[in-house]
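Breakdown of the fold
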Amino acid sequence: MQIILNLSFLFLLFLFPSNEYNVSNYSKIYVRTSQIGFLPSDIKTGVIFSKDKIDVQKYYVINSVTQKTEFEDYLPDSILTYGKFNYAVPIDFTPLKKKGIYYIDVGGNRSTPFRISDNVFNNIKDSLLLFYQAQRCGPTKPILHKKGHLWDATKLIGAEDSSGVDLTGGWHDAGDYIKFLPTISFTTYLMLFAYDFDNVKFGFDSNKNGVPDILEEAKIGLDWMQRANYKKDKLVTQVQDLKDHEVGWRLPENDTLRFNRPGYVGMGKNQIGLYAATMALAYRIWKDKFKDINLANDYLNRAKELYSIKDNVPDIDSMPSGFYQDSRFLGKLALGATELFISTQDSSYLKEAESFADSAGSDYWWSWGDINSLADYKLATLIPRFKDYLQNNLIYFKSTAKNSVFGEGMPYSWGTTNSFLGITLQAILFKRLTGDTKFDSLAVTQRDYILGRNPWGISFIYNIGRVFPKHLHSQIAYFNDGYLPGALSAGPAPLGILKNYDIKRENLSYNYFNTDSVKYYDDRWDYITNEPTIVGNATALFVFGYYSSKN
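Everything quoted here is computed from the prediction, not taken from an experiment.

Basis of the calculations
Residues numbered from 1 in each chain as written. Predicted model: local features only at pLDDT ≥ 70, side-chain atom pairs only at ≥ 80, totals over all residues. Heavy atoms only, no water. Helix = DSSP H or I, 4+ residues; strand = E, 2+ residues; numbered from the N terminus. Rg over C-alpha atoms; globule rule 2.2 N^0.38 Å. Buried < 20%, exposed > 50% of the residue type's maximum accessible area, 1.4 Å probe, protein only. Pairing = 2+ DSSP bridges. Axes fitted to C-alpha atoms, helices over the stretch in contact; angles between N-to-C directions. Salt bridge = Lys/Arg side-chain N within 4 Å of Asp/Glu carboxyl O. pLDDT = per-residue confidence, 0-100. Contact = heavy atoms within 4.5 Å. Patch = residues over 30% accessible without salt bridge, like charges linked within 9 Å, V, L, I, M, F, W, Y side chains within 5 Å. Areas by Shrake-Rupley, 256 points an atom, 1.4 Å probe, with all protein chains shown as cover. Polar contact = N/O pair within 3.5 Å; in protein donor to acceptor, adjacent residues only side chain to side chain. Phe/Tyr/Trp six-rings, centres within 6.5 Å; stacked < 30°, edge-to-face > 60°. Lys NZ or Arg CZ within 6 Å of the ring centre and 35° of its normal. Parallel < 35°, antiparallel > 145°, perpendicular 65-115°, else oblique. Left-handed = near helix turned anticlockwise from the far one by under 90°. Nonpolar A, V, L, I, M, F, W, Y, C, P; charged D, E, K, R; others polar.

Some thoughts on the overall build of the protein chain
For the protein chain, the count of helices and strands is 15 helices and 16 strands. Taken over the C-alpha trace, the protein chain has a radius of gyration of 23 Å; the compact-globule value for 551 residues is 24 Å, and the two agree within 12%. For the protein chain, the spread of C-alpha atoms along the three principal axes comes to 70 × 55 × 45 Å. Within the protein chain, buried positions represent 61% of all 551 residues.

Here is the structure:
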């Protein structure tokens, strides 16, 4: 039955050929909703907008197979605008819970087809994880390219001994071939966090080798993080530098810089906090799940040893490339101390975690460097008052979302899709702690924004939905005819950021829906709006894994 349903869905893509971006249609009414669909119990919403006054009174949700109208309602009065579009209204068809394949019709203008199903998000979760196999570096069985960068790192910069050290493995950070400790730590921790959060839902084992797929991939990060801690109190925070961007596009195995990939030594409280958190959590999983006491103890010892020197290092480590320059450390130390307490039951860690988390407060954001909410969640499982910091974030996000018909919960940034999904992640954590559903609508709106409920009508995940990025800023994708499964595009960015970079774009197909202040380009040269990253995919993997059903 599932196979028949999926084939029917694919057939519908041909049933409704896309003329969305034909200039002759620029006076039409646009209908935006999730291209993928909804769980039967989900809040189900969309946005209808037009340059001209919408003179249609009702909209219809129609079963694509039977052509029967399953839900209809009157359009609300237009009270909002978007860019050049003077009429914009939200719609809500939550009462429709019947499983099936549907589209929304407004005066003959149709949305993309979508499903209502219990397992509508399962394929997204699988695809997002597959992305990491393409990002693998070194002798780690990558896909879409051959093994490469087998001599990392050819020398160390900032060390007493500048000779090379084994830093093979890990993941390339984004569309380039640089590797960063902050982003690999973030990614690895979130994978472990997801499994720890729900080891049934995140315990899927697609290749039937006895190891949950998400832990198998997290091990790629853990192995590299062990190598990065090349001495007891030393870390390598980056492999390769901006030379990587100066030699043209190539596959890893053809990298002319293969013998010129230095590692950079660094240390900061921010690095220590997230590193210790990752290793302390890995200790529990490898001890309890795999009964590998020796490896588990190695993880824990590294966490304890690095954490012990936190008072003797700078607050923030300076990144040699200028990328991923952090600005916060207290929340990361709080997370490290919390995970160490859970692993050791040493109360001194818990006392420090409380102090760090209280000093950090709410960060009102989500990014690779803004993860106070993770510490607040973990602490709240032990000391309930810490849920208040998490709630502060969500109240701010909910208030912000009211200002736009598309319901964006925070300002646009570099890495917008990661940030929006981070709102959903935080709402999920708060609901787990309290059972309170008051942020459900906020969570689902951000999730659906990624899948098509946005001005451009695009699903920002490659090959998910009917309209998705075809020209990602990724060398791996470029040399595979655009193919990069599960890659999450960074998404729209504000003009305040874009104007600082001279990017010669070739594809302006979405420009009609850009505004004076926010823009998105599906262009392979656009490293701001259209580059996938391992951190964005990590947040997405947690969110869509949470909404998926058990395989």
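From this point on, the discussion continues.
With respect to the sheet that holds strand 1 (residues 30-32)
The four strands lie next to each other as 1-3-7-6, forming an open sheet whose pairing is antiparallel. In this open sheet, the two strands that pair with only one neighbour each are strand 1 and strand 6 (80-82). The average angle at which neighbouring strand axes cross in this sheet is 35°, direction not considered.

A short note on unusual backbone geometry
Between Asp152 and Ala153 the backbone carries a cis peptide bond, its omega angle lying at -10°. Mapped onto the fold, Ala153 is located in the loop between helix 2 (122-135) and strand 11 (156-157). Positioned with a positive phi, Lys141 is a non-glycine residue whose angle comes to about 60°. Inspection of the secondary structure puts Lys141 in the loop between helix 2 and strand 11. By relative accessible area, Lys141 is classed as exposed at 68%. Although it is not a glycine, Asp481 sits at a positive phi angle of roughly 55°. Judged by its relative accessible area of 79%, Asp481 is exposed.

Description of the pattern of salt bridges
Using the criterion set out here, one finds 32 salt bridges in the structure. The shortest N-O distance in the salt bridge between Arg250 and Asp244 comes to 2.9 Å. Like Asp244, Arg250 is buried. In this structure, the salt-bridge partner of Lys431 is Asp440, at a minimum N-O distance of 3.0 Å. Taken together, the salt bridges that share partners define one network made up of Asp196, Arg284, Glu339 and Lys378.

Regarding the confidence of the model for the protein chain
Averaged over all residues, the pLDDT of the protein chain is 94; the fraction at 70 or higher stands at 95%. Every residue in residues 1-26 scores below 50 in pLDDT, and together they form 40 contacts with partners more than four places removed in sequence or on other chains.

Overview of the environment of Asp233
Locating Asp233 in the fold gives a position in the loop between helix 4 (213-228) and strand 13 (235-239). Since its relative accessible area comes to 41%, Asp233 is described here as partly exposed. Residues Asp233 and Ile309, 76 residues apart in the sequence, show an inter-C-alpha distance of 7.5 Å. The residues contacting Asp233, other than those within four sequence positions of it, are Met267, Leu306 and Ile309.

Some words on a nonpolar patch on the surface
The grouping of Leu150, Trp151 and Phe259 at the surface amounts to a nonpolar patch, some 330 Å² of accessible area in total. With respect to the secondary-structure elements, Trp151 resides in the loop between helix 2 and strand 11.

Considering the environment of Asn63
Its location among the elements puts Asn63 in strand 4 (residues 58-63). Put simply, Asn63 and Lys99 are 36 residues apart on the chain and 9.7 Å apart in space, counted from C-alpha to C-alpha. Sequence-distant contacts of Asn63, that is, excluding residues within four places in its chain, are made with Lys68, Glu70, Ile101 and Tyr102. Of note is the side chain of Asn63, whose polar atom sits 3.0 Å from the backbone nitrogen of Thr66.

With respect to the sheet that holds strand 14 (residues 263-266)
Here we have four strands laid out as an open sheet, ordered 11-14-13-12, and mixed in their pairing. For this open sheet the edge positions go to strand 11 and strand 12 (179-180), each flanked by a neighbour on one side alone. Alignment of strand 13 against strand 14, held across four bridges, turns out to be antiparallel. Pairing of Gln238 across the sheet is with Tyr264, part of strand 14. Of the strands in this sheet, strand 12 and strand 13 are in contact with helix 4, which crosses strand 13 at around 115°.

Considering the packing of aromatic side chains
Taken as a whole and assessed by the stated rule, the structure comprises 56 aromatic pairs. With centroids separated by 6.0 Å and ring planes inclined at 40°, the aromatic side chains of Phe121 and Phe544 adopt a geometry described as tilted. Of this pair, Phe121 sits in the loop between strand 10 (114-116) and helix 2 while Phe544 sits in helix 15 (residues 534-547); the two residues are 423 residues apart in sequence, bridging distant segments of the chain. Here the aromatic rings of Phe180 and Phe323 are separated by 6.3 Å at their centres, their planes lie at 75°, and the arrangement is edge-to-face. Within this pair, whereas Phe180 is found in strand 12, its partner Phe323 is found in the loop between helix 6 (293-308) and helix 7 (330-344), the two being separated by 143 residues in sequence. Of the aromatic side chains, those joined through ring pairs into one cluster are Phe121, Tyr189, Phe193, Phe197, Phe202, Tyr377, Phe542, Phe544, Tyr546 and Tyr547. The ring of Tyr546 has Lys201 sitting right over it, with the charged end atom 5.2 Å from the ring centre. The ring of Phe468 has Lys470 sitting right over it, with the charged end atom 4.8 Å from the ring centre.

Considerations on the packing of helix 3 (residues 181-197) against helix 11 (residues 416-434)
Each packed pair of helices is defined by two parameters, the angle between the axes and the distance between the axes. Taken N-terminus to C-terminus, the directions of helix 3 and helix 11 make an angle of 30°; their axes are 13 Å apart at the nearest point. One finds that helix 3 runs roughly parallel with respect to helix 11. In this structure, helix 3 meets helix 11 at a crossing whose hand is left-handed. Of the residues in helix 11, those touching helix 3 at Leu190, Phe193 and Phe197 are Leu425, Ile428, Leu429 and Arg432.

A closer look at the packing of helix 11 against helix 12 (residues 440-450)
Closest axis-to-axis distance for the helix 11/helix 12 pair is 8 Å, and the angle between their directions is 150°. Taken together, the axes of helix 11 and helix 12 lie roughly antiparallel to each other. Where helix 11 crosses over helix 12, the two elements pack in a sense that is left-handed. Every residue of helix 12 that contacts helix 11 at Thr417, Phe420, Leu421, Ile423, Thr424, Ala427 and Lys431 is listed here: Asp440, Leu442, Ala443, Gln446, Arg447, Tyr449 and Ile450. Of the residues belonging to the contact of helix 11 with helix 12, the class tally is eight nonpolar, three polar and three charged.

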